[in-house]
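Next come the chains, spelled out residue by residue.
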Amino acid sequence: MRFGPVCVRDAEGAILAHATVAGTIRLRKAHRLTARDIAMLGEAGVEEVIAAVLDRDDLDEDTAASAIVSGLEAAGVEAKPVATGRVNLHASRDGVFTVDKTLIDALNRIDPAITIATLADYTAVESGRMVATVKIIPFAVSAPLIRKTRSQLRGREAFAVHAFQPKKVALVQTVLPGTKDSVLDKTAQITQERLARSASRIVVEKRVPHNSHAVAEAIGNLSHHSDMLIVFGASAMCDFDDIIPAAIRAAGGEVHRAGMPVDPGNLIVTGRLGEKPVLGAPGCARSPKLNGFDWVLDRLIAGIDVDNDMLAGMGVGGLLMEIPARPQPREPAPPSRQGKVYAILLAAGRSIRMGAKNKLLADFDGVPLVRRTASLVCASKVSRVFGVVGHMSERVRQALEGVDMELVENPHYADGLASSIKAGLAALPEDADGVVIMLADMPSVSAADIDRLIASFHKREGRAVVRATHGGKRGNPVLLPRTLFPEIRKLTGDTGARHLVESGLVDVVHVEIGTAADNDIDTAEAMLRAGGVLVE
């Protein structure tokens, strides 16, 4: 491939490096020039363009990315349509993501033009979450490099999502004098919430004195009613022959390991009674916060063998967090951070009530409506904006060219609003604590309005829905907390997030922003009142 200035008369078949405007002609970046384009550019007086000229053995970026993905072995993963040399791969089921790091590293060393990025090994994922992306950096790459990449993929599973296999769980809790029932009740509740992500459930619970004989008898009896046993000790395990490991052995089971290099989670006990896993839970598992117990639990439920070598290898990356409530010596806790808030701009709809014209391309003082809305969202304090496109995707992309945001293609936009919300959600980074859902046809909302929603969200520590209102009446945009993400992924059809907001799952905070909250443009008359002009 040759890249640089190209004489227009010799540029047929070349790929534009930049959007090109000449008179009434507008050609998007990465457009492959046709004979008609050449004639029109010549008439407009354009003599030279910056472009990529492919050699005979080159594959364009989309073809190259698709060729790599077609050679991937990846169970439980589905590829999305290719765009701009990128193919995103998403989990097709809930489970645990695993990746062959050696293989991925080898592929990324073939040539800088070819890149594959994935989630970390053993990440728990929900169906629909992006787990990997294949991206070709330049506009084209030589066919021999793609053939080399595919040959290294042959016969090896690059990555996979191991489906959760829901378990019936028996819970045993030991009791010492002074142990509060409220603590035991809360532990059972949090454990059930932890199991819910894999559709597993506690089917039986027993509370016994804190001694090895009582625990051994309990796990022996309850093993007949369950697929897995979890034991919480009233006192933390402090020796390899302490109550819980001793009880597992006394019940006829085996202890695989007591202790692991993950903090919090050091004091876990892993073993088996016959074919059934037995876990001695560390004290930190009484908290809903991420700890080493989550890592072990998710892997076991996904059918992954958690052996001694795996546990011993968890140390790098195993320092998960500091718990200020623990006694010193410990490092002082850092100041609490404000959670990251991202935005999803919904720009994939068909605007049926506008007829054949796309309202998002309407002219507002020389600026397309979708660009105007995207720019104001980008000017707010959101960490990043993800625009979902679908209907008239190419024209909407052109209208958004140069706006600092990431575009997500929704091939299922005709299915309704829910598909676009889910497409945007799947693209969010892992550290998203909240997301602003913004309609692209709301020209009156300001960056300051969005910032007020974010400030209210932070004030409630990211635990509430924050909704814009006008005169106390519900409107848009709306800011949703991370706790609702699993429910959002269940939306279907033309259903937005309204019923989730009003479901009572989390508190709702209203922020008055005036008429902007309900000034979305659904008719030609509304467009005229807002100052916009529909274009062909």
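Residues numbered from 1 in each chain as written. Predicted model: local features only at pLDDT ≥ 70, side-chain atom pairs only at ≥ 80, totals over all residues. Heavy atoms only, no water.

Peer 1: Which residues make up the sheet that holds strand S28 (residues 473-481), and what are the values?
Peer 2: Strand order in this open sheet of seven strands is S25-S24-S21-S26-S28-S27-S29, and the pairing throughout is mixed. Two strands lie at the open edges of the sheet, namely strand S25 (406-409) and strand S29 (508-512), each paired on one side alone. For this sheet, the mean inter-axis angle between neighbouring strands, taken without regard to orientation, is 25 degrees. Lying on the sheet, helix H12 (residues 417-427) is in contact with strand S21 (340-347), strand S24 (385-389), S25 and strand S26 (432-439); it crosses S21 at an angle near 145 degrees. Packed onto the sheet, helix H13 (residues 447-459) meets S21, S26, strand S27 (465-470), S28 and S29 and runs at close to 55 degrees relative to S28. (Pairing = 2+ DSSP bridges. Helix = DSSP H or I, 4+ residues; strand = E, 2+ residues; numbered from the N terminus. Axes fitted to C-alpha atoms, helices over the stretch in contact; angles between N-to-C directions. Contact = heavy atoms within 4.5 Å.)

Peer 1: Which residues make up the side chain of Thr-373, and what values do they have?
Peer 2: Tracing the backbone through its elements, the reader meets Thr-373 in helix H10 (residues 369-378). A residue is classified by how much of its surface remains accessible, and Thr-373, at 0% relative accessible area, is buried. What Thr-373 contacts, discounting residues up to four positions off in sequence, is Leu-345, Met-438, Leu-439, Ala-440 and Met-442. (Buried < 20%, exposed > 50% of the residue type's maximum accessible area, 1.4 Å probe, protein only.)

Peer 1: Tell me about the pattern of salt bridges, and please be specific about residues and values.
Peer 2: Counted under the stated rule, the structure contains 21 salt bridges. Put simply, Glu-394 and Arg-28 hold a salt bridge, and the shortest N to O gap is 2.8 Å. Of this pair, Glu-394 sits in helix H11 (residues 393-399) while Arg-28 sits in the loop between strand S4 (25-27) and helix H1 (35-43), placing them 366 residues apart in sequence. Residue classification places Arg-28 among the partly exposed positions, given a relative accessible area of 28%. (Salt bridge = Lys/Arg side-chain N within 4 Å of Asp/Glu carboxyl O.)

Peer 1: I'd like a rundown of the environment of Ser-393, residues and numbers included.
Peer 2: Within the secondary structure, Ser-393 is located in helix H11. Classification of Ser-393 as buried rests on a relative accessible area of 10%. In this structure, the C-alpha to C-alpha distance between Ser-393 and Gly-462, residues 69 residues apart in sequence, is 33 Å.

Peer 1: Go over the sheet that holds strand S14 (residues 159-163), please, and point to the residues and values.
Peer 2: Read from one edge of the open sheet, three strands run S11-S9-S14, paired in antiparallel fashion. Each edge of the open sheet is held by one strand with a lone partner, namely strand S11 (123-125) and S14. When the angles between neighbouring strand axes are averaged without regard to direction, this sheet yields 35 degrees. Note that strand S9 (residues 95-99) and S11 share three bridges and pair antiparallel. Pairing of Phe-97 across the sheet is with Thr-123, part of S11.

Peer 1: Go over empty space enclosed by the protein with me, naming the residues and quoting the values.
Peer 2: Taken as a whole and judged by the stated rule, the model has two cavities of 30 Å³ or more. The space that makes up the largest cavity amounts to roughly 80 Å³. His-256, Thr-270, Gly-271, Arg-272, Pro-277, Val-278, Leu-279, Val-296, Leu-300, Asp-305 and Val-306 together form the lining of the largest cavity. Listing elements by their share of the lining of the largest cavity, those giving two or more residues are strand S19 (269-273), strand S20 (276-281) and helix H8 (292-301). The class makeup of the residues in the lining of the largest cavity is six nonpolar, three polar and two charged. (1 Å grid on protein atoms, 1.4 Å probe; cavity = no way out; pocket = protein on both sides within 12 Å on 5 of 7 lines; lining within 4 Å. Points joined across faces, edges and corners; volume = space filled by probe spheres on them. Nonpolar A, V, L, I, M, F, W, Y, C, P; charged D, E, K, R; others polar.)

Peer 1: Give a detailed account of a nonpolar patch on the surface, specifying residues and quantitative values.
Peer 2: Together, Met-1, Phe-3 and Ile-50 give the surface a local cluster of nonpolar side chains, amounting to about 250 Å² of exposed area. Mapped onto the elements, Phe-3 comes out in strand S1 (residues 2-7). (Patch = residues over 30% accessible without salt bridge, like charges linked within 9 Å, V, L, I, M, F, W, Y side chains within 5 Å. Areas by Shrake-Rupley, 256 points an atom, 1.4 Å probe, with all protein chains shown as cover.)

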